Amino acid sequence: MALLFASTAARLPVWQAMFDDAGLPLIAGEAAVTDPAEVTAIACWVPPADLARYPNLRVVLSVGAGVDHIPPLPQGVALARTLAPGIEAMVRDWTLMATLMLHRDMPAYLDQARQGLWQSRPVRMASERRVGIMGMGRIGGLVAESLSSLGFDIAGLSRSGRDGAVPIFAADRQDAFLARTDLLICLLPLTEATRGLLGRRTFAALPRGAGLVHAGRGAHLDAEALRAALDAGQLSGAILDVTDPEPLPPDHWMWRDPRIVVTPHIAAQTDAAEGARHALAVMRALRDGAPLPGQVDQALGY
Ligand code: NDP
Ligand code: OXD
C-alpha cells in the first residue's frame with residue numbers, strides 16, 4: 001500500500017518527510033515505481049494517462065480543492081479532493097478583496113488614475129449592497145460569514161438549498177436569487193450543470209449595473225456574454241481569477257478592458273504541508289476502511 005506522488009516537484013521534500021515521519025510509503029513519481037501493484041493512491045493535479053497499469057489503485061486524490069481537471073476514473077477507483085483550511089482561507093481573502101474592489105469602484109478608479117483624473121463617485125454603504133454567492137460549500141460559507149460581518153446583505157445559491165447562516169436559494173430558484181443580487185460571486189465547482197452558467201441568461205436576470213467576482217472555473221464563464229453585458233451596461237465590472245483558457249493569452253481583450261481585472265488563478269495555492277496532511281488522512285482512511293476525507297460524488301462531479 002503506497003501513495004504515488006505525481007504533483008509539483010517543489011512540494012516533494014515536504015511530503016516525503018511527512019510520510020517518512022508517519023511511517024507510510026510514498027513513491028516519488030512514476031519513474032520511481034518498481035511494482036505498480038503497490039500503488040493504492042495517486043496524488044496529482046492530472047493523473048498519469050495509463051491508470052490501468054495500477055491494478056490495486058483505490059483512490060485518485062486531487063492536490064487542489066476542485067476535481068474538474070480529472071478525467072473519468074476506472075470503475076471502482078474513488079476520487080477525492082484536498083480539504084485544507086489554508087486553501088479555503090486564501091480564496092476567502094481573494095474574494096473579499098475582489099468584492100470590496102467592485103463595491104468601492106476600484107476598476108473605474110484605476111482607470112481614472114491612469115488618466116490622472118481626480119473625480120469622485122457616489123459611495124454606498126455595505127448594507128446597501130446585496131451580494132449573492134453561487135456555491136455555498138466550504139469556501140462560499142466562509143465568504144458569506146466574512147462579508148456578513150462587514151455588513152453586506154448576503155444570500156447564497158446551492159444545488160440543494162440546504163439552510164445556512166444566511167438565506168440560501170436552491171438551484172431551481174436561481175432567478176429569484178439573481179434578481180436580488182447587486183454583486184454576484186461565483187464559487188461553484190465546474191460540473192455538467194454549472195458549465196457556462198455565467199452567461200447571457202444569468203447576466204440578464206441581475207439588476208442593471210451588477211458586478212461579477214469569479215474564482216470558480218474559467219469554463220463557468222461565457223466571455224463574449226460578459227463583454228456584451230458590460231457594453232450594454234447590464235454589468236458594470238468583473239474581477240476574474242479563472243479564465244478559459246488558462247493561461248489567458250497575452251493578447252486577450254480581457255487583459256486590457258478597464259472594466260475587468262484578471263488575476264492568474266492565484267486565489268489559492270495549496271500549501272505543501274497542508275496537502276501532505278490531507279493525503280496522510282486519506283491513506284489512513286484507506287488502511288482502516290474508514291470513509292475517505294474529501295471523497296467526491298463522481299456522478300455529481302463535486
Ligand atoms: P464545495 O464542494 O464545498 O461546495 C460546492 C457548492 O456548490 C455547494 O454549496 C453545492 O451545493 C454548490 N453547487 C454545486 N452544483 C450546483 C449547482 N448546479 N447549482 C448551484 N449550486 C451548486 O466546494 P468548495 O467550496 O470547496 O470549492 C468550490 C470551488 O471553488 C471549487 O470546485 C473550485 O472550482 C473553486 N476553487 C477555486 C480556487 C482558485 O484558486 N480560484 C481554489 C479553490 C477552489 P450543495 O451545498 O447543495 O451541495
Ligand atoms: C483549485 C485549487 O482547485 O487551487 O483551484 O485548489
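Refer to the structure printed above.
One structure accompanies this document, and this report is about it. Throughout this description, residue numbers start from 1 for each chain and increase along the sequence as written. Key to labels: chains lettered from A, ligands numbered from 1, both in the order written. Local features in a predicted model are, by the rule used here, given only for residues with pLDDT of at least 70; side-chain atom pairs are given and counted only at 80 or more, and totals for whole chains, interfaces and linings are based on all residues. Only heavy atoms go into the side-chain values, all of them from the structure, while hydrogens and water stay out.

## Details of helix α2 (residues 85-103)
- Helix and strand assignments come from DSSP, with helices taken as H or I runs of at least 4 residues and strands as E runs of at least 2, each series counted from the N terminus. In a helix, the anticipated span is given by 1.5 Å times the number of residues less one. Compared with an ideal rise of 1.5 Å per residue, which puts 19 residues at 27 Å, α2 spans 26 Å between its outermost C-alpha atoms and is within 8% of the ideal.
- Only protein chains enter the calculation, and the probe is 1.4 Å; a residue is then buried if its accessible area is under 20% of its type maximum, exposed if over 50%, and partly exposed in between. Looking only at α2, the buried set comprises Gly 86, Ile 87, Glu 88, Val 91, Trp 94, Thr 95, Leu 96, Ala 98, Thr 99, Met 101, Leu 102 and His 103.
- Downstream of α2 by one or two residues, Asp 105 has phi in the positive range, about 60°.

## Things to note about the site of ligand 1
- Each residue is tested against the molecule or strand, and it is near if at least one of its non-hydrogen atoms lies within 4 Å. Taken together, the neighbourhood of ligand 1 is formed by 29 residues, with Arg 81, Ile 139, Ser 160, Asp 241 and Tyr 302 sitting nearest.
- Arg 81 is positioned with one of its side-chain polar atoms (N or O) 2.8 Å from an oxygen atom of ligand 1.
- We call two N or O atoms a polar contact when they sit within 3.5 Å, provided that within protein one can donate a hydrogen and the other can accept it, with sequence-adjacent residues counted only if both atoms are side-chain atoms. Within the side chain of Asp 241, one N or O atom sits 2.9 Å away from a nitrogen atom of ligand 1.
- Look at ligand 1: alone it shows 940 Å² of surface, and the protein chains cover 92% of it.
- Listing elements by their share of the shell around ligand 1, those giving two or more residues are α2 and α4 (138-149).
- Gly falls in the polar group here, along with every residue not listed as nonpolar (Ala, Val, Leu, Ile, Met, Phe, Trp, Tyr, Cys, Pro) or charged (Asp, Glu, Lys, Arg). Residue composition of the shell around ligand 1, by class: 15 nonpolar, eight polar and six charged. Here the accessible surface of atoms and residues is derived via Shrake-Rupley with a 1.4 Å probe, and residues count as covered only by protein chains that are part of the display.

## Some remarks on the site of ligand 2
- Surrounding ligand 2, one finds Trp 45, Gly 64, Ala 65, Gly 66, Arg 217, His 265 and Ala 268.
- A distance of 2.9 Å separates an oxygen atom of ligand 2 from a polar backbone atom of Gly 66.
- Side-chain polar atom of Arg 217 to an oxygen atom of ligand 2: 2.7 Å apart, as the coordinates give it.
- When the free accessible area of ligand 2 is taken as 210 Å², the share hidden by the protein chains comes to 87%.
- Across the shell around ligand 2, the residue classes tally to three nonpolar, three polar and one charged.

## So, the environment of Arg 200
- Within the fold, Arg 200 resides in helix α6 (residues 200-204).
- Residue Arg 200 is classed as exposed on the basis of its relative accessible area, which comes to 67%.
- Separated by 124 residues in sequence, Arg 200 and Gly 76 have C-alpha atoms that sit 39 Å apart.

## Here's the deal with the sheet that holds strand β1 (residues 2-6)
- At least two DSSP bridges between two strands are required for those strands to pair. Read from one edge to the other, the open sheet built from five strands follows the order β2-β1-β3-β4-β5, with strand pairing classed as parallel. Taken across any chain shown, the strands that pair with only one partner, and hence form the sheet edges, are β2 (26-28) and β5 (78-80). Taking each pair of neighbouring strands and ignoring which way they run, the sheet shows an average axis angle of 25°.
- As judged from the three bridges shared by β1 and β2, these two strands associate in the parallel manner. Convention adopted: a line fitted to C-alpha atoms gives each axis, helices being fitted over their contacting stretch, and angles between N-to-C directions are expressed from 0 to 180 degrees.

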